[in-house]
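# Observations on the model geometry
What follows is each chain in one-letter form.
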Amino acid sequence: MKHFSFAALVTSVAIAAIGAAQAATKAPDRYVLVHAGTLLAVPGKPPEKEMTVLVKNDRIAGVSKGYLDAAAAGLAPDAVVSLIDLRNRFVIPGLMDAHVHLMGEPTFSRHRTERGDRNPPTPAEGTVNTMVYARRTLAAGFTTVRDLGSDDQAVFAVRNAINAGRMIGPRILVSGSALAVTGGHGDSLPIDATGDPQARLRDGTCDGPIECREAVRFQYKLGADVIKFTATGGFGSNTGLDPQFFPDEIEAIVSTAHLLGLKAAAHAYSPIAIKQAVRAGVDSIEHGFLVDDEGLALMKKSGAFLVPTLSASYPPPIFRIPDPESVRIRNEHKAFERAYAAGVKIAFGTDAGTFAHGDNAKEFGLMVKFGMSPMDAIRSATVVTADLFGISADAGTIEPGKVADLVAVAGDPLQDVSALLAVDFVMKSGRVAKQAERMIEPFTYPPPSATF
Ligand SMILES: [Zn+2]
């Protein structure tokens, strides 16, 4: 089943980038030669030294040994070619984060409302926040992210603007409102709107299989790329960690999402809820701190991914005092370590938004601290996330035919994964977004006549 139309998304970016002028006369193909001192083209396989990546428009056209010039790369003498010198850099595929919340982040500012960091922000504030945080996320080397839980407007609007080439940011897969039961983790309705059908739809609040089907379809109508539901309570809402949906409601959500070609992601702590979600065919368990061995075995069998969000329990102290309860539970149950040992697929995800956006790569340090090899951690944020998102044919590695999403760092992240904290080069879909530590505006903005 096709879960996500990556081709259509990329095509729209390319069309917007090329602009209206090309509609009349076809612009020449645009080539980029990237000379990579070290290239980790396929995380999981060893890196190679002194490599050339040939980019044609938005895609990778070739990967070759040695530093090739245009002629050696087989390009015509009149081809439009630019060269990017990363001979003293370590180059990896664009990173992906399977769990972010781009509408907000914590702040100690005494002027919270001026920064739009009210919780929850208004849709207008959330849109501005998302624009700022999306750009910061891309600058940190994350070229694709999955936003799991926002409102019914802000992140959709920013995703669409990025896809249309109107602003710079990562590819965003959006869930819209997370589905939650009345009074559950994610029900943000005021008491007097609890019975209002329209308010419930927009908030993703649903009780019973019929209403939960309707809630999935409403997010689908808004343009959701993925469906998120909160199978249990959570720390943020002080609703405990126990099950909140019945199995028939979970089944209704997951099967409706799949019917519509969308993946389903379950926020879940309780081991009972985790198993109910996995039995219903859920694609990922978010957090999963209390997973038991039976749950891990079920995940291994079904192919469900764990998205560990270690950062949500170990935020940088400058932004938030770690919730001692979530740290205690994480350290006691060691779900990440046990899932890794059991061979469960682990997709990199941070819960950015509960801490500062742009600090996503700190998760790598935690994964390695808790026993994962740096190679597996990088693989988790590229090959494995692409698999979870259903975009492996288009992204996750640096191979011919895939979108040209490239990130470079000084130093060797396989020796010291903290090298990934200092991404100084980012290419997304063949366009340079960051070079020499500075963000640049790579997209051609469509003229007003083309958009209005
Ligand atoms: Zn979250």
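Residues numbered from 1 in each chain as written. Predicted model: local features only at pLDDT ≥ 70, side-chain atom pairs only at ≥ 80, totals over all residues.

## A closer look at the overall build of the protein chain
Check the secondary structure of the protein chain and you find 15 helices and 15 strands. When each of the 452 residues of the protein chain is scored for burial, the buried share is 53%. Here the contacts in the protein chain between residues at least 6 apart in sequence split such that 69% fall between residues at least 24 apart. (Helix = DSSP H or I, 4+ residues; strand = E, 2+ residues; numbered from the N terminus. Buried ≥ 20, exposed ≤ 12 C-beta atoms within 10 Å, placed from the backbone. Contact = placed C-beta atoms within 7 Å.)

## Quick look at the packing of helix H4 (residues 123-139) against helix H5 (residues 154-163)
H5 packs onto H4 with a crossing angle of 45° between their chain directions and a minimal axis gap of 8 Å. The angle between H4 and H5 falls in the class oblique. Note that H4 runs across H5; the crossing there is right-handed. For the pair H4 and H5, contact is made by Pro-123, Gly-126, Thr-127, Thr-130, Met-131 and Ala-134 and by Ala-154, Val-155, Ala-157, Val-158 and Ile-162, respectively. Residues that form the contact of H4 with H5 fall into these classes: 8 nonpolar, 3 polar and no charged. (Axes fitted to C-alpha atoms, helices over the stretch in contact; angles between N-to-C directions. Parallel < 35°, antiparallel > 145°, perpendicular 65-115°, else oblique. Left-handed = near helix turned anticlockwise from the far one by under 90°. Nonpolar A, V, L, I, M, F, W, Y, C, P; charged D, E, K, R; others polar.)

## Observations regarding the environment of Gly-358
Positionally, Gly-358 belongs in the loop between helix H12 (335-342) and helix H13 (362-369). The sequence separation of Gly-358 and Thr-137 amounts to 221 residues, and the corresponding C-alpha distance is 4.7 Å. In this structure Gly-358 touches Arg-136, Thr-137, Ala-139 and Ala-140, once residues within four positions along its chain are discounted.

## Digging into the pairing of strand E9 (residues 263-268)
Most of E9 is tucked away, with 6 of its 6 residues classed as buried. Because side chains alternate across E9, one face comprises the buried residues Lys-263, Ala-265 and His-267, and the other comprises Ala-264, Ala-266 and Ala-268, equally buried. Pairing of strand E8 (residues 226-230) with E9, which is carried by 5 bridges, proceeds in the parallel orientation. Pairing of Thr-230 across the sheet is with His-267, part of E9. (Pairing = 2+ DSSP bridges.)

## Focus on H4
Between its first and last C-alpha, H4 extends 24 Å over 17 residues, near the 24 Å set by a 1.5 Å rise per residue. Positioned one or two residues after H4, Gly-141 has a phi angle of 100°, which is positive. (Expected span 1.5 Å × (residues − 1).)

## A short note on helix H7 (residues 208-222)
An ideal rise of 1.5 Å per residue puts 21 Å on 15 residues; H7 measures up with 21 Å between its terminal C-alpha atoms. Residues of H7 that are buried: Cys-212, Ala-215, Val-216, Phe-218 and Gln-219. The arc that holds the buried residues of H7, viewed along the axis, is 160°, so those residues lie on one side. Every exposed residue of H7 that faces more than 90 degrees away from the buried side is listed here: Ile-210 and Lys-221. Packing partners of the buried residues in H7 comprise helix H6 (197-203), E8 and helix H8 (247-259). A positive backbone phi angle near 105° is found at Gly-223, which sits one or two residues after H7. (Arc of directions from axis to C-beta.)

## A short note on the pairing of E8
Of all 5 residues that make up E8, 5 are buried, and the element is covered over most of its length. With burial as the criterion, each face of E8 is covered, one bearing Val-226, Lys-228 and Thr-230 and the other bearing Ile-227 and Phe-229. Note that the unit made of E8, H8 and E9 has a crossover that is right-handed. (Right-handed = clockwise from strand over helix to strand, strands pointing away.)

## So, unusual backbone geometry
The backbone phi angle of His-287 is positive, close to 75°, even though this residue is not glycine. Along the chain, His-287 turns up in strand E10 (residues 284-287). Its identity is not glycine, yet Ala-436 carries a phi of approximately 50°, on the positive side. Its place among the elements puts Ala-436 in the loop between strand E14 (431-435) and strand E15 (438-439). Note on Ala-436: 7 C-beta atoms within 10 Å, which makes it exposed.

## Brief notes about the sheet that holds strand E5 (residues 95-100)
The parallel open sheet is built from 3 strands, whose spatial order is E5-E6-E7. Of all the strands in the sheet, just E5 and strand E7 (171-174) have a single pairing partner and so form its edges. The average undirected angle you get between the axes of adjacent strands in this sheet is 15°. Pairing geometry for E5 and strand E6 (residues 142-147), over 4 bridges, is parallel. From the neighbouring strand, Val-100 faces E6, where its bridge partner is Asp-147. Across the sheet, H4 lies against E5, E6 and E7, angled at about 135° from E6, the strand it touches most.

## Observations concerning the environment of Ile-440
Residue position: Ile-440 is located in the loop between E15 and helix H15 (448-451). Sequence separation between Ile-440 and Ile-168 is 272 residues; the distance between their C-alpha atoms is 8.9 Å. Apart from the residues within four sequence positions on either side, Ile-440 is in contact with Val-432, Ala-433, Lys-434 and Gln-435.

## Some thoughts on the confidence of the model for the protein chain
When the pLDDT values of the protein chain are averaged, the result is 89; 87% of them are 70 or greater. Note on residues 1-22: pLDDT is under 50 here. Beyond four places in sequence and across chains, it has 42 contacts. (pLDDT = per-residue confidence, 0-100.)

## Things to note about the sheet that holds strand E11 (residues 305-307)
Remark on secondary structure: sheet strands pair via backbone hydrogen bonds, oriented parallel or antiparallel. The strand order across the open sheet formed by 4 strands is E8-E9-E10-E11, and the pairing between neighbours is parallel. Each edge of the open sheet carries a strand with a single partner, namely E8 and E11. Here the strands of the sheet are splayed against their neighbours by 25° on average, with no regard to which way each runs. Here E9 runs beside E10; their pairing, made up of 4 bridges, is parallel. Bridge pairing in E10 links Ala-266 to Ile-285.

## Quick notes on the nonpolar core
By size, the foremost hydrophobic cluster in this structure holds 126 residues, and its most contacted members are Val-53, Ile-227, Ile-253, Ala-277 and Ile-285. The element that contributes the greatest number of residues to this core is helix H14 (residues 374-389), accounting for 8 residues. Not counting the four nearest positions on each side in its chain, Ile-285 is found in contact with Ala-266, Ala-268, Ile-274, Ala-277, Met-299, Ala-304, Leu-306 and Val-307. (Core = buried A, V, L, I, M, F, W, Y, C linked by C-beta atoms within 7 Å.)

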